[in-house]
Amino acid sequence: MESVTSSDGLLVSSYINGNEKSLEILIVRHKQRIFSFILSKIQDREISEDIFQDTFIKVINTLKRGKYNEEGKFLPWVMRIAHNLIIDYFRRNKRIPKFNNTDDFDIFDVLSDETLSAENQIIKSQILEDVKNLIEELPDDQKEVLLMRMYKDMSFKEIAENTDVSINTALGRMRYALINLRKLIEKHHIVLVN
């Protein structure tokens with residue numbers, strides 16, 4: 001019988017080998033983190049519950065098919081599944097997540113974790129470098145807004161004043177910059193979650 005103190009990797013192996021209880025321990029262990037992450041993006045408890053359930057259906061299907069090879073990094077892998085399901089939800093509902101002035105930049109949500117190890121900090125700074133290089137490929141007006149927002153931490157009001165456009169135009173440029181950046185990230189196969 002797996003104990004509650006077993007590592008995620010051991011529990012995953014145990015579940016793959018037929019011990020259903022191991023998955024239950026994993027879900028209980030990480031539910032708070034994963035659910036809070038989904039809720040922070042969706043802002044609706046019922047829909048967040050659905051996405052949480054879908055996340056674990058996907059996890060179970062992947063594990064059952066023997067397609068899991070995350071070398072023990074179970075939580076980041078599950079967070080990535082949840083993140084993708086959130087994006088799918090917004091696409092289906094033609095809603096783009098709101099980028100409030102206080103929010104972290106969308107793509108780094110899964111990384112914005114106080115418990116990042118030194119190794120992960122290095123990976124994060126490498127990702128920021130990779131993304132900075134990709135930003136160079138964006139149209140000038142989108143690049144300008146993104147750099148002001150991400151690297152200078154300016155509010156959309158400040159960006160609008162600095163670029164002499166309305167706040168709506170600044171938000172629109174940011175939105176297109178993020179869409180284009182996501183395409184570039186996929187094209188260049190940059191992995192954004194360790």
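In case you missed it, the structure is sitting above this.
Residues numbered from 1 in each chain as written. Predicted model: local features only at pLDDT ≥ 70, side-chain atom pairs only at ≥ 80, totals over all residues. Heavy atoms only, no water.

Right, let's talk about the overall build of the protein for a bit. The secondary structure content of the protein amounts to 8 helices and 0 strands. For the protein, the N- to C-terminal ordering of α and β elements is α-α-α-α-α-α-α-α. Within the span of the protein, comprising 194 residues, buried residues form 40% of the whole. Partitioning the contacts of the protein with sequence separation of at least 6, the portion at a separation of at least 24 is 54%. (Helix = DSSP H or I, 4+ residues; strand = E, 2+ residues; numbered from the N terminus. Buried < 20%, exposed > 50% of the residue type's maximum accessible area, 1.4 Å probe, protein only. Contact = heavy atoms within 4.5 Å.)

The full count for this structure, using the stated rule, is 8 salt bridges. Salt-bridge contacts for Asp140 lead to Lys143; the nearest nitrogen and oxygen are separated by 3.7 Å. Of the two residues, Asp140 and Lys143 are both situated in helix H6 (residues 140–150); the distance of 3 residues between them amounts to about one turn of the helix. Overall, Asp140 belongs to the exposed group, its relative accessible area being 58%. Overall, Lys143 belongs to the buried group, its relative accessible area being 17%. Three or more residues are tied together by salt bridges with common partners; here these are Glu136, Asp140 and Lys143. (Salt bridge = Lys/Arg side-chain N within 4 Å of Asp/Glu carboxyl O.)

Here the focus is the packing of H6 against helix H7 (residues 156–163). Remark: H6 packs on H7, axes separated minimally by 10 Å, with the N-to-C direction vectors making an angle of 140°. For the element pair H6 / H7, the angle class is oblique. The handedness of the crossing between H6 and H7 is right-handed. Along its contact with H6, which presents Glu144, Val145, Met148 and Arg149, the element H7 presents Phe156, Ile159, Asn162 and Thr163. Classifying every residue of the contact of H6 with H7 gives 4 nonpolar, 2 polar and 2 charged. (Axes fitted to C-alpha atoms, helices over the stretch in contact; angles between N-to-C directions. Parallel < 35°, antiparallel > 145°, perpendicular 65-115°, else oblique. Left-handed = near helix turned anticlockwise from the far one by under 90°. Nonpolar A, V, L, I, M, F, W, Y, C, P; charged D, E, K, R; others polar.)

With that out of the way, let us pick up the nonpolar core. Looking at soluble globular proteins, one finds that nonpolar side chains tend to be buried together. The biggest cluster of nonpolar side chains holds 28 residues, and the ones touching the most others in it are Ile34, Ile38, Val59, Leu63, Phe74 and Trp77. Looking at which element gives the most residues to this core, the answer is helix H4 (residues 74–92), with 11 residues. Residues Met148, Met154, Met174 and Leu184 belong to the second largest nonpolar core, which totals 19 residues. (Core = buried A, V, L, I, M, F, W, Y, C linked by side-chain atoms within 4.5 Å.)

With that settled, consider the packing of aromatic side chains. Tallying each qualifying case throughout the model produces 6 aromatic pairs. Cluster of aromatic residues (ring-pair linked, three or more members): Phe35, Phe52 and Phe56. A cation over an aromatic ring shows up here: Lys31 above the ring of Phe35, its NZ or CZ 5.6 Å from the ring centre. (Phe/Tyr/Trp six-rings, centres within 6.5 Å; stacked < 30°, edge-to-face > 60°. Lys NZ or Arg CZ within 6 Å of the ring centre and 35° of its normal.)

Moving on, we get to the side chain of Thr163. Take Thr163: it is sitting in helix H7. Ignoring any residue separated from it by four or fewer positions in sequence, one finds Thr163 in contact with Glu144 and Met148.

Time to look at the environment of Leu146. Mapped onto the secondary structure, Leu146 falls in helix H6. Under the relative-accessibility criterion, Leu146 is labelled buried at 0%. Separated by 14 residues in sequence, Leu146 and Lys132 have C-alpha atoms that sit 9.8 Å apart.

What follows deals with helix H3 (residues 45–64). Helix length check: H3, at 20 residues, gives a terminal C-alpha distance of 28 Å against a target of 28 Å (1.5 Å per residue), a fit within 8%. Among all positions of H3, only Ser48, Ile51, Phe52, Thr55, Phe56, Val59, Thr62 and Leu63 are buried. Here the buried residues of H3 occupy an arc of 135° about the axis, which is enough to place them on one side. Pointing more than 90 degrees away from the buried face of H3 are the exposed residues Glu46 and Lys64. For H3, the capping residue at the N-terminal end is Asp44, with a side-chain oxygen 3.0 Å from the backbone nitrogen of Glu46. Downstream of H3 by one or two residues, Gly66 has phi in the positive range, about 70°. (Expected span 1.5 Å × (residues − 1). Arc of directions from axis to C-beta. Polar contact = N/O pair within 3.5 Å; in protein donor to acceptor, adjacent residues only side chain to side chain.)

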